[in-house]
Amino acid sequence: MTLTNINLGSELGLEILHQRWYALVLYQLDAQPTDFMELRRTVRGISTFNLLLRLKKLTEWGLIETIPDDDYSYRLTISGVMFHQILTSLEDWGNTTLRHELKI
């Protein structure tokens, strides 16, 4: 059986991984609120405008949310925590593979 297409859910996940800003933002957040300015400092190289666009899209996808009564703080949703775990698993896999390749 030849697989020529992946499902839409996989495509969305790959889109998030492909667009590095999405992954970097998700990697910096957790279930505890993070202030926008702190996030701005930790996600280096992105303009404020582009960061706001990425935050808006991640909110639309249900991966992050703003804190009630504080539109300038963000945290991961349950889905965002799941995706964050995927990112850390990828990091662990990459680190293990690199150590093996470099024989560290």
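Starting from 1, residues in each chain are numbered consecutively following that chain's sequence as written. Totals for whole chains, interfaces and linings use every residue, but because this is a predicted model, local features are given only for residues with pLDDT of at least 70 and side-chain atom pairs only at 80 or more, for both listing and counting. Side-chain calculation: all heavy atoms of the structure are included, whereas hydrogens and water are not.

## Some thoughts on the overall build of the protein
Using the following cut-off: In this text, helices come from DSSP runs of H or I with a minimum length of four residues, and strands from runs of E with a minimum of two, each type numbered from the N-terminal end. Think of it in three bands: residues with accessible area under 20% of the maximum for their type are buried, residues over 50% are exposed, and the middle band is partly exposed, with areas taken using a 1.4 Å probe on protein chains only. Computed with the Shrake-Rupley method and a 1.4 Å probe, the accessible areas treat only the protein chains shown as cover for residues. As used throughout, the charge tally considers Lys and Arg to be positive and Asp and Glu to be negative, leaving His and the chain termini uncounted. For this purpose, a charge sits on NZ of Lys, CZ of Arg, CG of Asp or CD of Glu.
Across its full length, the protein carries five helices and three strands. In the protein, the order of α-helices and β-strands from amino to carboxyl end is α-α-β-α-α-β-β-α. Summarising its shape, the C-alpha atoms of the protein cover approximately 50 × 40 × 25 Å along the three principal directions. By the burial criterion, 28% of the 104 residues in the protein qualify as buried. Accessible surface computed for the protein: about 7500 Å², of which carbon and sulfur atoms make up 57%. In the protein, which carries 10 positive and 13 negative side-chain charges, the distance between the mean positions of the two groups comes to 8 Å.

## Some points on the pairing of strand E3 (residues 70-76)
The cut-off we apply is this: Pairing between two strands requires that DSSP report at least two bridges joining them.
In this sheet, E3 lies alongside strand E1 (residues 34-35) in antiparallel orientation, the contact comprising two bridges. Residue Thr34 lies in a different strand from E3, and its bridge partner there is Tyr74. The loop that links strand E2 (residues 64-67) with its antiparallel partner E3 comprises two residues; one of these, Asp69, has a positive phi angle of about 70°.

## Here we look at the side chain of Thr34
Stated precisely, the cut-off is as follows: Contacts: residue pairs with any heavy atoms within 4.5 Å of one another.
When you line up the elements, Thr34 lands in strand E1. The residues touching Thr34, leaving out its near neighbours within four places in the chain, are Leu29, Leu39, Tyr72, Ser73 and Tyr74.

## A closer look at the confidence of the model for the protein
Filter applied, for reference: Confidence scores per residue from the predictor, reported as pLDDT, run from 0 to 100.
Considering every residue of the protein, the mean pLDDT works out to 89; 94% of them sit at 70 or more. Within the protein, helix H1 (residues 8-18) has the poorest average pLDDT of any element, 84, and helix H4 (residues 48-60) the best, 96.

## Concerning the environment of Ser10
With respect to the element layout, Ser10 can be found in helix H1. Owing to a relative accessible area of 35%, Ser10 belongs among the partly exposed residues under this scheme.

## Side note on the pattern of salt bridges
Stated formally: By salt bridge we mean one thing: a side-chain nitrogen of Lys or Arg within 4 Å of a carboxyl oxygen of Asp or Glu.
Summed over the entire model, instances satisfying the criterion amount to four salt bridges. Measuring nitrogen to oxygen at the nearest pair gives 2.9 Å for the salt bridge that ties Glu38 to Arg41. A residue pair is termed a helical-turn pair when its members lie 3 or 4 positions apart in one helix, as Glu38 and Arg41 do in helix H3 (residues 36-42) at three residues. Judged by its relative accessible area of 34%, Glu38 is partly exposed. Measuring nitrogen to oxygen at the nearest pair gives 3.6 Å for the salt bridge that ties Lys57 to Glu60.

## Observations regarding the packing of aromatic side chains
Here a ring pair, both rings aromatic, is described through the centre-centre distance and the interplanar angle of the planes. Under the convention used in this document: When the centres of two rings from Phe, Tyr and Trp lie within 6.5 Å, Trp using its six-membered ring, the rings pair. Their planes under 30 degrees apart give stacked, over 60 give edge-to-face, and anything left gives tilted. Should the NZ of a Lys or the CZ of an Arg lie within 6 Å of a ring centre and within 35 degrees of the ring normal, that charge is described as sitting over the ring.
What the rule picks out here adds up to one aromatic pair. Taking NZ or CZ as reference, Arg54 lies 5.6 Å from the ring centre of Tyr22, over its face.

## Some thoughts on the packing of helix H2 (residues 20-28) against helix H5 (residues 78-102)
Which entries qualify depends on this criterion: Axes here mean lines fitted to C-alpha atoms, for a helix over just the part in contact, with angles spanning 0 to 180 degrees between N-to-C directions. The scheme is simple: roughly parallel for angles under 35 degrees, roughly antiparallel for over 145, roughly perpendicular for 65 to 115, oblique for anything else. Three classes are used, and their members are as follows: Ala, Val, Leu, Ile, Met, Phe, Trp, Tyr, Cys and Pro are nonpolar, Asp, Glu, Lys and Arg are charged, and the others, Gly among them, are polar.
Two elements in contact, H2 and H5, have axes separated by 9 Å at closest approach and are oriented at 100°. What the angle tells us is that H2 and H5 run roughly perpendicular. Taking contact as the criterion, the partners of Ala23, Leu26 and Tyr27 in H2 are, on H5, Phe83, His84, Leu87, Thr88 and Glu91. Taken together, the residues of the contact of H2 with H5 sort by class into five nonpolar, two polar and one charged.

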